[in-house]
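# Structure at a glance
The lines below spell out each chain.
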Amino acid sequence: MSNLIIAPSILSANWGKFAEEVLAVEHAGADWIHIDVMDGQFVPPITFGAELVKTLRRLTKLPLDVHLMVLTPEQQIEQFVKAGADSITIHFEATNDPTKTLKQIRSLGCKAGLALKPQTDVSKALPLLAEIDLLLVMSVNPGYSGQAFIPETLSKIRAARKLIQESGLNIKLQVDGGVKADSAKECVQAGANVLVAASYIYHSSSYKTAINSLRLLNT
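I will try to describe carefully the structure that is included in this document. Worth saying up front: this structure is predicted, and the values here are computed from it rather than measured.

## Details of the nonpolar core
With 65 residues, the main nonpolar core has Ile10, Ile35, Ile88 and Leu135 as its most contacted residues. Residue contributions to this core peak at five residues, all from helix H5 (residues 153–167). Apart from the residues lying within four places of it in its own chain, the contact partners of isoleucine 10 are Trp15, Phe18, Val22, Ile33, His34, Ile35, Phe48, Leu52, Leu56 and Tyr202. Core analysis: the second largest hydrophobic core is formed by 10 residues, Ile5, Ala115, Leu136 and Val194 among them.

Have a look at this one:
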């Protein structure tokens, strides 16, 4: 797939060397930088805030893809946009009014994404397709890097691709969780065109080789 986007997640990077780690994957051929923001409430861990996004914005020209795994994300949108996020993805399960929150993201000049946990039926996204630029299917339970890909999510990716095609809208389909060479190929065959990979890239001996393996397997 020539338009396949590879988005390394800094969740598995060396947290003591974020600048070097982001520049390393940029030089290795990454398309986006994926930033997993967790609040310790929607998911158990606590990770990054808007200040890190602000710092990374000064280091790279790559799009910063912010994934908010937080409760009441509407309270956080503005600070992440100001920090330099290019896209902000919220969870369907984390807000009482996803339509309003997605509109808020777009109104601030940022691309809007909607994420679904593995247990959330893809049909929940149908009424929201007109409000999003990206649909994220989680292929692990959100929270921790290094989890194994859940094979049952492949049918969900296929269903999401069908919804997007039937809508006629230009929406990217992203998969995040347990993405490695074998699962990446299956995800793209199912219809994904954005792959988030964390430990597969950042725990490899060569970032370039890992990124190329994801890309070349799907050409």
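## Comments concerning the sheet that holds strand S5 (residues 111–116)
The strand order across the open sheet formed by eight strands is S1-S8-S7-S6-S5-S4-S3-S2, and the pairing between neighbours is parallel. Either end of the sheet is taken by a strand with one partner, and the two such strands are strand S1 (5–8) and strand S2 (33–38). Across the sheet, the mean angle separating the axes of adjacent strands is 25° when strand polarity is ignored. Across the sheet, helix H2 (residues 50–59) is in contact with S2 and strand S3 (64–69); its angle to S3 comes to roughly 170°. Along the sheet, helix H4 (residues 98–107) contacts strand S4 (87–91) and S5; its crossing angle with S5, the most-contacted strand, is approximately 150°.

## Re H4
Within H4 the residues assigned to the buried category are Pro98, Thr101, Leu102 and Ile105. Buried positions in H4, seen along its axis, are confined to an arc of 100° and lie on one side of it. Exposed residues on H4 whose side chains face more than 90 degrees from its buried face are Lys100 and Ser107. Of the surrounding secondary structure, the elements contacted by the buried residues of H4 are helix H3 (77–83), S4 and S5. Where H4 terminates, the next one or two residues include glycine 109, which has phi positive at roughly 85°.

## Thoughts on the environment of valine 43
You can see valine 43 is positioned in the loop between S2 and H2. Residue classification places valine 43 among the buried residues on the basis of a relative accessible area of 2%. Taking the C-alpha atoms as reference points, valine 43 and glutamate 78, 35 residues apart in sequence, are found 21 Å from one another. Discounting residues that sit within four places of it in the chain, valine 43 has contacts with Met38, Met69, Pro142 and Gly143.

## Section: the pattern of salt bridges
All told, the structure shown has five salt bridges when counted by the stated rule. A salt bridge links glutamate 131 to lysine 103; the shortest N-O distance between them is 3.3 Å. With glutamate 131 in the loop between S5 and strand S6 (134–138) and lysine 103 in helix H4, the pair connects residues that are 28 residues apart, well separated along the chain. Overall, the relative accessible area of 44% leaves lysine 103 in the partly exposed class.

## A word on the environment of alanine 148
Tracing the chain through its elements places alanine 148 in the loop between S6 and H5. The exposure class of alanine 148 is exposed, given its relative accessible area of 63%. Contact partners of alanine 148, with chain neighbours within four places excluded, come to Ser139, Val140 and Gly178.

## With respect to the packing of aromatic side chains
Under the defined criterion, the tally for this structure stands at four aromatic pairs. Between tryptophan 15 and phenylalanine 18, the aromatic rings sit 6.1 Å apart at their centres with planes inclined by 35°, giving tilted as the arrangement. A relative accessible area of 42% places tryptophan 15 in the partly exposed class. You can call phenylalanine 18 buried: its relative accessible area is 12%. Ring geometry for phenylalanine 18 versus phenylalanine 48: centroids 5.4 Å apart, planes at 85°, classification edge-to-face. Remark: phenylalanine 48 occurs in the loop between S2 and H2 and phenylalanine 18 occurs in helix H1 (residues 18–27); sequence separation between them is 30 residues. An aromatic cluster is built from Trp15, Phe18 and Phe48, whose rings are joined through pairwise contacts. The ring of phenylalanine 42 is capped by lysine 117, whose NZ or CZ atom sits 4.6 Å from the centre of that ring.

The rules we used
- Residues numbered from 1 in each chain as written.
- Predicted model: local features only at pLDDT ≥ 70, side-chain atom pairs only at ≥ 80, totals over all residues.
- Heavy atoms only, no water.
- Core = buried A, V, L, I, M, F, W, Y, C linked by side-chain atoms within 4.5 Å.
- Buried < 20%, exposed > 50% of the residue type's maximum accessible area, 1.4 Å probe, protein only.
- Helix = DSSP H or I, 4+ residues; strand = E, 2+ residues; numbered from the N terminus.
- Contact = heavy atoms within 4.5 Å.
- Pairing = 2+ DSSP bridges.
- Axes fitted to C-alpha atoms, helices over the stretch in contact; angles between N-to-C directions.
- Arc of directions from axis to C-beta.
- Salt bridge = Lys/Arg side-chain N within 4 Å of Asp/Glu carboxyl O.
- Phe/Tyr/Trp six-rings, centres within 6.5 Å; stacked < 30°, edge-to-face > 60°.
- Lys NZ or Arg CZ within 6 Å of the ring centre and 35° of its normal.

Coordinates in, geometry out; function isn't part of it.
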